[in-house]
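The chain contents come next:
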Amino acid sequence: MISCQQTPRHFNPDDHLETVWSIEFDDIGIYSSPRATDLTGNGIKDLIFGTGKLEMMETNIGIVAISGETGNILWELPARDQVFGSANLIDITGDGVDDVIINGRAAMLTAIEGATGEIIWEFISGVDYDSAKEKGLFNFYNPQFIPDQNGDGMSDIVVANGGDFMAPPYNPDRPTGKLMVISTRTGELISEAHVPDGQETYMSAVATKLNEEDEDYTIIYGTGGETLGGNLFRTTLSDLLNGDLSNPQSFLFAQIREILALFNYRYHNKNGNYYLKKMGLQVGSQSIDYSHLGSFQMEIAC
Ligand SMILES: [Ca+2]
Ligand SMILES: [Ca+2]
């Protein structure tokens, strides 16, 4: 699947690809990376992704599931703002079909039954950007599954929330980002804690065990913003469950700060020129074992 909003200048799909089916959506863009799972039971994976218009614009098609076999829409849901997150898949309803947890602006974090498109829960409903802001909630970034924390037998999620995009550039007076642990089965908040440097967060937190023998999960998260510097931190799931991320033993030290120094000073302006500018850590991140030797490495977009 290829999604784009402009005609490629250097890549002609017809020269390289056979089109099985295609589908276009008028007046909306695709902001999330599609995820694939079989929602219909025919053995062919289907696609789920988020869409949107401009910031703070509602859309009738905000979350979509498409048949992998035919390209037909299986279900679609409206959204109050851009759904830039990518679906996390887990069977909440117990019918053997993956359900969808997906996220975006205006505090959108929603669980949807994969087979039907019915909403299972919303972390917060009936709000817009302003009323979500009043509750201290902003963008939800991509969640990560962690073991069951509330005794209901189902994995729960760690997720970062923050980022007031209406704050003027370079203005350091911004709401502090936070990490949250949320019940996968019900959407209820289990714990939360603000980031320790008082900055915003625009990065999907990563939750993982750095070594097989670790008893606790490590959580790595970033702070800062497009025009403000930040930090890359690590903490533990235990600290987050205790609501306190300030343990200085948890910070990542020199190595990551050197990496930050490399990444933090590259900026792409509207004229296509790069110039030097301090930037924070943003949206996408993932943990990958490149060496297959159990060592943890990480790619970060800045
Ligand atoms: Ca299900
Ligand atoms: Ca649980």
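In what follows, the structure referred to is the one given above.
Reference entry: report on the structure contained in this document. (Residues numbered from 1 in each chain as written. Chains lettered and ligands numbered in written order. Predicted model: local features only at pLDDT ≥ 70, side-chain atom pairs only at ≥ 80, totals over all residues.)

### Some points on the overall build of the protein
The condition that has to hold: Each helix is a run of H or I in the DSSP string that is no shorter than four residues. Each strand is a run of E no shorter than two, and both are numbered from the N terminus. Each residue is classed by its C-beta neighbour count within 10 Å, where at least 20 other C-beta atoms makes it buried, 12 or fewer makes it exposed, and intermediate counts make it partly exposed; the C-beta atoms are placed from backbone geometry. We call two residues in contact when the distance between their C-beta atoms, placed using the backbone, is within 7 Å.
Counting secondary structure elements, the protein contains four helices and 22 strands. By the burial criterion, 35% of the 302 residues in the protein qualify as buried. Of the contacts made within the protein by residues no fewer than 6 positions apart, 48% connect residues no fewer than 24 positions apart.

### Digging into the pairing of strand β4 (residues 59-66)
Let me state the cut-off plainly: In this scheme, strands are said to pair when DSSP sees at least two bridges between them.
Most of β4 is tucked away, with six of its eight residues classed as buried. The sheet contact formed by strand β3 (residues 46-52) and β4 spans four bridges and is antiparallel. Bridging from a neighbouring strand, F49 pairs with V64 of β4. Connecting β3 to the antiparallel partner β4 that follows it, the hairpin turn spans six residues, and M56 within it adopts a positive phi of roughly 70°. Pairing of β4 with strand β5 (residues 73-79) involves five bridges; the strand directions are antiparallel. Bridge pairing links I66 to I73 in β5. Between the end of β4 and the start of β5, which pair antiparallel, lie six residues, with G71 showing a positive phi angle near 85°.

### Description of the sheet that holds strand β7 (residues 99-104)
Within a sheet, neighbouring strands are paired by backbone hydrogen bonds and run either parallel or antiparallel to one another. Our working rule: The angle between two axes is taken between their N-to-C directions and runs from 0 to 180 degrees, where each axis is a line fitted to C-alpha atoms and a helix contributes only its stretch in contact.
If you trace the four strands from one edge of the open sheet to the other, you get β6-β7-β8-β9, paired in antiparallel fashion. Each edge of the sheet is formed by a strand with only one pairing partner; in this case those strands are β6 (88-90) and β9 (119-122). On average, each strand axis in the sheet is tilted by 20° relative to the strand beside it, whichever way the strands run. Taken together, the three bridges between β6 and β7 define a ladder with antiparallel strand orientation. Its bridge partner lying in β7, N88 is registered against I101.

### Things to note about unusual backbone geometry
Among all residues except glycine, the phi angle is most often negative; among peptide bonds, the trans geometry is most common. Phi angles above zero are rare outside glycine, and D27 is one such case at about 70°. Mapped onto the elements of the fold, D27 is located in the loop between α1 (13-16) and β1 (29-30). Positioned with a positive phi, Y170 is a non-glycine residue whose angle comes to about 70°. Tracing the backbone shows Y170 in the loop between β12 (156-162) and β13 (178-182). According to the C-beta neighbour criterion, Y170 is exposed, with 9 such atoms within 10 Å.

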